[in-house]
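# Understanding the architecture of this molecule
Okay, here's what each chain looks like letter by letter:
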Amino acid sequence: MASSLAPFSNSKAQNRREWPRYVAEKSFALAASVDGRLLACTVADISLGGARLVFDQPLPPVELVDLTGPDGETVSCAPLWQDTHAIGVAFDFSEESLGLISVCLRNIVDLDKQPSLRAG
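Given the structure is predicted, the values throughout are model-derived calculations rather than measurements. (Residues numbered from 1 in each chain as written. Predicted model: local features only at pLDDT ≥ 70, side-chain atom pairs only at ≥ 80, totals over all residues. Heavy atoms only, no water.)

## Quick notes on the overall build of the chain
Helix and strand content of the chain: 1 helix and 7 strands. Starting at the N terminus, the α and β elements of the chain follow one another as β-β-β-β-β-β-β-α. In the chain, buried positions account for 35% of the 120 residues. In the chain, the proportion of contacts linking residues at least 24 apart, taken out of those at least 6 apart, comes to 55%. For the chain, the accessible area works out to roughly 7,100 Å², and carbon and sulfur atoms hold 52% of it. (Helix = DSSP H or I, 4+ residues; strand = E, 2+ residues; numbered from the N terminus. Buried < 20%, exposed > 50% of the residue type's maximum accessible area, 1.4 Å probe, protein only. Contact = heavy atoms within 4.5 Å. Areas by Shrake-Rupley, 256 points an atom, 1.4 Å probe, with all protein chains shown as cover.)

Set out below in structure tokens:
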């Protein structure tokens, strides 16, 4: 799984993202309902706009992804792309989505190394 956590290229040609993306420094698992099938996944990277989720098992074609965070809130996400073991999802700006993003950031990024993420 280490190769899936590699940092993204900073090339302007490859980086078309609207929001800064934070690569997981620590493993953080979420429950994902993928087309109604409950699967564990790991957050590989995340931004305000979306996340890359990595699964231990191969995935069939995905049309719907619901993520459940530690607080039990469910967030529906739009799948943007997928490969055999990963899905890229887009978040909306609902209160539930922003709460899940916050929980993920606190759990995957070392805040001492990323002072810009600390509140205050």
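## Some details on the side chain of D45
Locating D45 in the fold gives a position in strand 3 (residues 37–46). Residue D45 is classed as buried on the basis of its relative accessible area of 0%. There is a polar contact of 2.4 Å between the side chain of D45 and the side chain of R21. Within the structure, D45 has its side chain in polar contact with the side chain of R52 (distance 2.8 Å). (Polar contact = N/O pair within 3.5 Å; in protein donor to acceptor, adjacent residues only side chain to side chain.)

## Description of helix 1 (residues 95–108)
Here helix 1 spans 20 Å end to end across 14 residues, near enough to the 20 Å set by a 1.5 Å rise per residue. Listed as buried for helix 1 are S97, L100, I101, V103, C104, L105 and I108. Looking at the buried side of helix 1, the elements it contacts are strand 1 (22–23), strand 2 (29–34), strand 3, strand 5 (65–68) and strand 6 (74–82). (Expected span 1.5 Å × (residues − 1).)

## A closer look at unusual backbone geometry
If you check the backbone angles, D35 has positive phi at about 50° while not being a glycine. In this structure, D35 sits in the loop between strand 2 and strand 3. Assessed through its relative accessible area of 37%, D35 is described here as partly exposed.

## Quick look at the pattern of salt bridges
Enumeration over the complete set of coordinates arrives at 2 salt bridges. Ionic pairing is found between R21 and D45, a salt bridge with its closest N-O pair at 2.4 Å. Residue R21 is found in the segment before strand 1, and its partner D45 is found in strand 3; the two are separated by 24 residues along the sequence. In this structure, the salt-bridge partner of R52 is D45, at a minimum N-O distance of 2.8 Å. Accessibility expressed as a relative area gives 12% for R52, which makes it buried. In this structure, a network of salt bridges that share partners links the residues R21, D45 and R52. (Salt bridge = Lys/Arg side-chain N within 4 Å of Asp/Glu carboxyl O.)

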